[in-house]
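As a plain string of letters, each chain reads:
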Amino acid sequence: MTGQTRTEPDGFFTRSGHVVLGSMVRTLGAFPSGWRMPGAHADPAADPRALKRLAVAAERAHLDFLYFGDWLSTSAELELTDPHLLVRTDPLSTVAWLAALTRRIGLVGTASVPHSDPYQVARSAASIDRLSAGRFGLNLTLGTEPRAAANFGRTGAGAEGSAEANAFLQGDEYLYVVRALWASVDARGVAPDARTGRLTDGTVFAPVDHHGPHYSVAGPLNALPPVAGTVPIVQSGASERSREFAARHADLYLAGPGGLGESIKFYRDTKQLVEAYGRPRTALRIVAPLLPVVASTREEAFDLYDRLADAVLLGESPGEGQPGQSEHPERTVRRLLQLVGLPLASREPGDPVTLADAERFNALGHRLLELVAERSGREPGGVRSVTYRHLLVAHLTPLPLVVGSACDVADHIETWYRASAVDGFTLMAAYLPHQFDAFLDLVVPELVRRGLFRGAYEGRTLAEHLGLGDTAPRAAAAEHPADVPWAPCT
Ligand SMILES: Cc1cc2nc3c(=O)[nH]c(=O)nc-3n(C[C@H](O)[C@H](O)[C@H](O)COP(=O)(O)O)c2cc1C
């Protein structure tokens, strides 16, 4: 049900159909200080309850999917920048568990190409897809972050050149092996016949016998393949190699290329690349992350953003003439002043940015002022003034924020969709459950009212939700395990 594009006589694009709407789940919230808000989910030990609540709510609002990314290392400083990455449940385990608690929503889990084994992942992915009746999507990451590599006893660099180029080639082969393993088992060959004593008709397995530069895999797979023979492949990342991989192999692409103009170009170029690889443009859905701070009115949303900004932990900034070391020198007003072009000035976080200061700012300073205005309506010299804290928080949180009422957020989604900048969005909630619920309760109904989103599920599988249609193999009519009648033993 995702849309066709047609060109209006005046050259503007308008589109019919539905936006793709998923959620990139971050249990401690996507805004670094979100977990400090009153009532916010803040304890990773309570994640199961928070995840269950979120999945049930997302399904009630008919979202397409929940996305669970992965980052295979941790470090103390994440506490300040990305608290949700500090400790969390493994994504494949999480989606397997959620499969049993939900009925219709798609579930995307992540495997790292450099740090996982294709046989193991082919088996887990097929199993989760079976257990969820066709709702699984496999996100493959190519990143070779050194700390993650060190956890797997690898350097990250391959013998044949740069780590980046190597990961790309490895990704091609990895996916080839995964698909070959899925194709090595033909579920139709399983034909239990109690009379003859044969469980199969003898045609279930085909060999794989793959020997390539990165992998040697004998096969066949010891699991039934996904219900449709394959699952939607997901790619995340805006780099050139991510885009190539997405254009060539993926069904869903999470990219975050920047502003509207940049995204329109990125979208157009990526769709051309998809065609260059011999695939129809509609074979790849392109979605961008979105972090709405939403409330009943724009003023309330601005106030909420202010509270989030106030709760961001900054580094201690020693006052003028007081030599001292900050624990987090990058998070100080002193550092900010260097970055915006006032290296010799001395300001405190609560000091207002005066018009005279603003006039001396460089391009970065002006960009940060624009961000503060978008996020909180504050302007230098305005009724609600900008402080150096506001400016520093904008610098420390390069997130795709849209702050406003339900109409403001829906306008943003509609504008980007109709301009063919994206096929949809992955929602990141500033904190749980309040901001996730606010999006579902305020924005989703507005999108439904505008005809931009479904009011009920039409399909049963992730491929069907994404409208992949003929570009993806049709799902076999699959019963959800929860629909299968059973009786307790007596
Ligand atoms: C929306 C979005 C989500 C992402 N999610 C993940 C993730 O969960 N795990 C990961 O390793 N990389 C993720 N990435 C990619 C990383 O940001 C980074 O780009 C990647 O690890 C390095 O590969 P690249 O340089 O090819 O993009 C994501 C990127 C985007 C734009």
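To be clear, the structure that these remarks concern was listed above.
Position numbers for residues start from 1 in each chain and track the written sequence from start to end. Note on the predicted model: pLDDT of at least 70 is required for a residue's local features to be given, and 80 or more for side-chain atom pairs to be given and counted; whole-chain, interface and lining totals, by contrast, use all residues. Hydrogens are left out, water is left out, and the side-chain values use all remaining heavy atoms of the structure.

Student: Please provide a residue-by-residue account of the site of the ligand, values included.
Tutor: Whether a residue is near a molecule or strand depends on its heavy atoms: if one lies within 4 Å, it is near. Close to the ligand lie 15 residues; Tyr67, Gly69, Asp70, Ser239 and Arg241 are nearest. Side-chain atoms alone can form a polar contact between residues adjacent in sequence; in general such a contact is a pair of N or O atoms within 3.5 Å, and within protein one must be able to donate a hydrogen while the other accepts it. Between Ser239 and the ligand, the recorded distance is 2.5 Å, taken from a side-chain N or O atom to an oxygen atom. In the model, an oxygen atom of the ligand is placed 3.2 Å from a nitrogen or oxygen of the Ser242 side chain. Each accessible area is a Shrake-Rupley estimate made with a 1.4 Å probe; only the visible protein chains count as cover when residues are assessed. Relative to its free-state accessible area of 600 Å², the ligand is covered by the protein chains to the extent of 72%. Its residues assigned to classes, the shell around the ligand comprises five nonpolar, eight polar and two charged. The residue classification treats Ala, Val, Leu, Ile, Met, Phe, Trp, Tyr, Cys and Pro as nonpolar and Asp, Glu, Lys and Arg as charged. All others, Gly included, are polar.

Student: An account of the nonpolar core is needed here, citing residue identities and associated values.
Tutor: In this structure, Leu63, Leu66, Leu138, Trp182, Ile413, Phe436 and Phe439 are the most contacted members of the largest nonpolar core, which totals 74 residues. Under the DSSP-based scheme used, a helix requires at least four consecutive residues in state H or I and a strand at least two consecutive residues in state E, with every element numbered from the N terminus. It is helix H6 (residues 163-183) that provides the largest number of residues to this core, a total of nine residues. Excluding residues within four positions of it along the chain, Phe439 makes contact with Leu21, Pro292, Val294, Val409, Ile413, Leu427 and Val444. What is meant by a nonpolar core is a set of buried Ala, Val, Leu, Ile, Met, Phe, Trp, Tyr and Cys residues, joined one to another through side-chain atoms within 4.5 Å. Each residue gets one of three labels from its accessible area relative to the maximum for its type: buried under 20%, exposed over 50%, partly exposed in between, using a 1.4 Å probe on protein chains only. One finds Val20, Val108, Val293 and Ala301 within the second-largest nonpolar core, a separate group that totals 52 residues. In this analysis, two residues are considered to be in contact whenever any of their non-hydrogen atoms come within 4.5 Å of each other.

Student: Could you give an account of helix H10 (residues 333-340), naming the residues involved and the relevant values?
Tutor: In an α-helix there are 3.6 residues to a turn, and that puts residues three or four apart on one side. Of all the residues in H10, the buried ones are Val333, Leu336, Leu337 and Val340. Down the axis of H10, the sector holding all buried residues measures 100°, keeping them to one side. Buried-residue contacts for H10 involve helix H11 (355-360), helix H12 (363-376) and helix H13 (388-396). Just downstream of H10 lies Gly341, where phi reads positive at about 100°. Taking the helix axis as origin, the arc is that swept by the directions to the C-beta atoms.

Student: Got a sec to walk through the pattern of salt bridges? Specific residues and values, please.
Tutor: A side-chain nitrogen of Lys or Arg and a carboxyl oxygen of Asp or Glu constitute a salt bridge if their distance falls within 4 Å. Scanning the entire structure with this criterion turns up 24 salt bridges. The salt bridge partner of Glu145 is Arg147, with a shortest N-O separation of 3.9 Å. Assessed through its relative accessible area of 41%, Arg147 is described here as partly exposed. Across the pair Glu414 and Arg418 runs a salt bridge, and its minimum N-O distance is 2.9 Å. Of this pair, Glu414 and Arg418 both sit in helix H14 (residues 406-418), four residues apart, which is roughly one turn of that helix. In this structure Arg418 comes out as partly exposed when scored by relative accessible area, which is 25%.

Student: Which residues make up helix H1 (residues 47-60), and what values do they have?
Tutor: To estimate the expected span of a helix, count its residues, drop one, and scale the result by 1.5 Å. Helix length check: H1, at 14 residues, gives a terminal C-alpha distance of 20 Å against a target of 20 Å (1.5 Å per residue), a fit within 8%. Considering only its buried residues, H1 is in contact with strand S4 (65-67), helix H3 (91-101) and helix H15 (434-449). Backbone geometry just downstream of H1 places His62 in the positive-phi region, at approximately 65°.

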